[in-house]
Amino acid sequence: MSSSKAEWRREWQGELSARSWQRFELENGKFLLKTHVDHRQGYEFLLTDLTCLWYEQMDVDAVKKRCKKLNPRFEAPLPTILRLLQDNTETKRDSTDYTIQQEREGLVLVLETKVGGIRFTWEFHCRQAQKEMLRAQLLEPLILMVGELGRRERRLGQLLKAKDREIEDYKMGGATVSRKNLLTEPFDPASFHKEQLVCKDLDVQVGQGWQEAFTRETQELYKEVMLTQAWINREEEDGEESDEDTSLLGGTSTHHAAATKASPSRVDERKSPSVSPRKRPAGSPVKGGEAASTPDKSQKDVELMRREALQKRLQEEAQRKQAKKKKKGALF
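Below: a short report on this structure. (Residues numbered from 1 in each chain as written. Predicted model: local features only at pLDDT ≥ 70, side-chain atom pairs only at ≥ 80, totals over all residues. Heavy atoms only, no water.)

The number of helices and strands found in the chain is 10 helices and 7 strands. Here the chain holds 332 residues, and 25% of them are scored as buried. Within the chain, contacts between residues separated by at least 24 positions form 52% of all contacts whose residues are at least 6 apart in sequence. Accessible surface for the chain amounts to roughly 25100 Å². Of this, 51% is attributable to carbon and sulfur atoms. (Helix = DSSP H or I, 4+ residues; strand = E, 2+ residues; numbered from the N terminus. Buried < 20%, exposed > 50% of the residue type's maximum accessible area, 1.4 Å probe, protein only. Contact = heavy atoms within 4.5 Å. Areas by Shrake-Rupley, 256 points an atom, 1.4 Å probe, with all protein chains shown as cover.)

So, in structure tokens, the structure goes:
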């Protein structure tokens, strides 16, 4: 990993997309939720049951007001309050009561716990999020995770085949296993996939429900997928911005370069030799018959100069040849 990507990664960790989904099973049903806390900006909160996605964002001033309203006796600095919210939403705690309440315009998640013997209550008042957020935070990452898991499966198959070739080489050299139960058959991807389709573990995994998909390993995979996607999008945005900056600074953009390349005037300038026009004495007026020459007249002048130069070179070459003949005749 390059140093620039490593530095960017540390900064990117402070975004909602960097947080993985957590499994929460409540009396009202099964949910996934994620929270991003920033002591300078407040927090963002997402909650979904895969049917709808609810979202709330609060700045630091709003957090202080809500805390004072819900907990008049509770006094703590803002970082402590935000840390409480983060700790109680990153994992479901046995010491905390979670309640879901439906509202006309959204959904409310109520947390009730005790801090130093004082009861602490918090309410996340969520509104239904836009479809773009559902796609960006859940649907698209899940599809990308499936693709990445498929890539890893293919890579593991390649490694197993390489191991089989290594073992076969050992056998040809006379090596044997110390115990028969260590013997294995060569890996066959087709047979492996057929076995997994009728395996009982498939029924068990599917029967556990969609919540079980977010294990610790897949949560890390979610973060890596989101990070890689954000890094790729960043590179594309930087490229577009550099093109815009070049055009604004007077540089030649891609489209401008293409147009310049196809411009007849530019082509003529490249083909024509650099000929200095005759200088006119300062202050002398331009006569009517000596008006600025048209492109056709300039082109004719250039062609005439080329012919004169070619004729001069031919004459010089002929003179050199004649001089050589005379010198040769004098020797004999």
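There's plenty left to go through after this.
This part is about helix α2 (residues 60-70). Restricting attention to buried positions, one finds in α2 the residues V60, V63, R66 and C67. Mapping the buried residues of α2 onto a view down its axis gives an arc of 125 degrees, with all of them on the same face. Within α2, the exposed residues directed more than 90 degrees away from the buried face are K65, K68 and K69. Each element contacted by the buried residues of α2 is listed here: β3 (42-48), β4 (53-58), α3 (78-90) and β7 (118-128). (Arc of directions from axis to C-beta.)

The tally for this structure, following the rule as stated, stands at 10 salt bridges. Close ionic contact of R119 with D97 constitutes a salt bridge, the shortest N to O distance being 3.9 Å. Of this pair, R119 sits in strand β7 while D97 sits in strand β5 (residues 97-102), and the two are 22 residues apart along the sequence. You can call D97 partly exposed: its relative accessible area is 41%. One network of salt bridges, with partners in common, ties together D97, E112 and R119. (Salt bridge = Lys/Arg side-chain N within 4 Å of Asp/Glu carboxyl O.)

Quick look at the environment of Q57 now. Tracing the sequence through the fold places Q57 in strand β4. Distance from Q57 to F45, taken between C-alpha atoms, is 6.4 Å for residues 12 residues apart in sequence. Excluding residues that lie within four positions of it along the chain, Q57 makes contacts with Y43 and E44. Side chain to side chain, Q57 and Y55 meet in a polar contact 3.2 Å long. (Polar contact = N/O pair within 3.5 Å; in protein donor to acceptor, adjacent residues only side chain to side chain.)

Let us look at the packing of α2 against α3. Packed helix pairs are characterised by how far apart their axes lie and by the angle those axes make with each other. One way to put it is that α2 packs onto α3 with a least axis distance of 11 Å and a crossing angle of 80 degrees. Taken together, α2 and α3 sit at an angle that is classed as roughly perpendicular. Where α2 approaches α3, its residues V60, V63, K64 and C67 are matched on the opposing element by L78, I81 and L82. Along the lines of polarity and charge, the residues of the contact of α2 with α3 split into 6 nonpolar, no polar and 1 charged. (Axes fitted to C-alpha atoms, helices over the stretch in contact; angles between N-to-C directions. Parallel < 35°, antiparallel > 145°, perpendicular 65-115°, else oblique. Nonpolar A, V, L, I, M, F, W, Y, C, P; charged D, E, K, R; others polar.)

Let us look at unusual backbone geometry. One non-glycine residue with positive phi stands out, namely L50, at about 75 degrees. Look at L50 and you get partly exposed, because its relative accessible area is 43%.

The next thing to look at is the pairing of strand β6 (residues 106-115). By the criterion of burial, β6 is predominantly enclosed, with 7 of the 10 residues buried. In this sheet, β6 lies alongside β5 in antiparallel orientation, the contact comprising 6 bridges. Of the residues in β6, the one forming a bridge with T99 is V110. Taken together, β5 and the strand that follows it, β6, pair antiparallel across an intervening segment of 3 residues. The pairing of β6 with β7 spans 10 bridges and is antiparallel. The partner of G106 across the bridge, within β7, is R127. Where β6 folds back on β7, the antiparallel hairpin that results is connected by 2 residues, among which G116 adopts a positive phi of roughly 60 degrees. (Pairing = 2+ DSSP bridges.)

Counting 28 residues, the largest nonpolar core has Y43, L109, W122 and F124 as the members making the most contacts within it. It is α3 that contributes the most residues to this core, 5 residues altogether. In this structure, Y43 is in contact with H36, V37, E56, Q57, M58, V63, R66, L82, L85, W122 and F124, ignoring residues within four places of it in sequence. With 14 residues, the next largest nonpolar core counts L32, L138, M145 and F214 among its residues. (Core = buried A, V, L, I, M, F, W, Y, C linked by side-chain atoms within 4.5 Å.)

What follows concerns the sheet that holds β6. Read across the sheet, 7 strands follow the order β1-β2-β3-β4-β7-β6-β5 without closing on themselves; strand pairing throughout is antiparallel. Strands with a single pairing partner mark the edges of an open sheet, and in this sheet they are β1 (22-26) and β5. Neighbour-to-neighbour, the strand axes of this sheet turn through a mean angle of 30 degrees, independent of strand direction. Contacts between α3 and the sheet are confined to β1, β2 (29-38), β3, β5, β6 and β7, with β7 contributing the most and set at about 70 degrees to the helix.

Per the stated rule, a full pass over the model turns up 7 aromatic pairs. Ring geometry for F120 against W122: centres 6.4 Å apart, planes inclined by 10 degrees, an arrangement best described as stacked. For the residue pair F120 and W122, the accessibility class agrees, reading buried in each case. Three or more aromatic residues link up through ring pairs in this structure, and these residues are Y43, F45, F74, F120, W122 and F124. (Phe/Tyr/Trp six-rings, centres within 6.5 Å; stacked < 30°, edge-to-face > 60°.)

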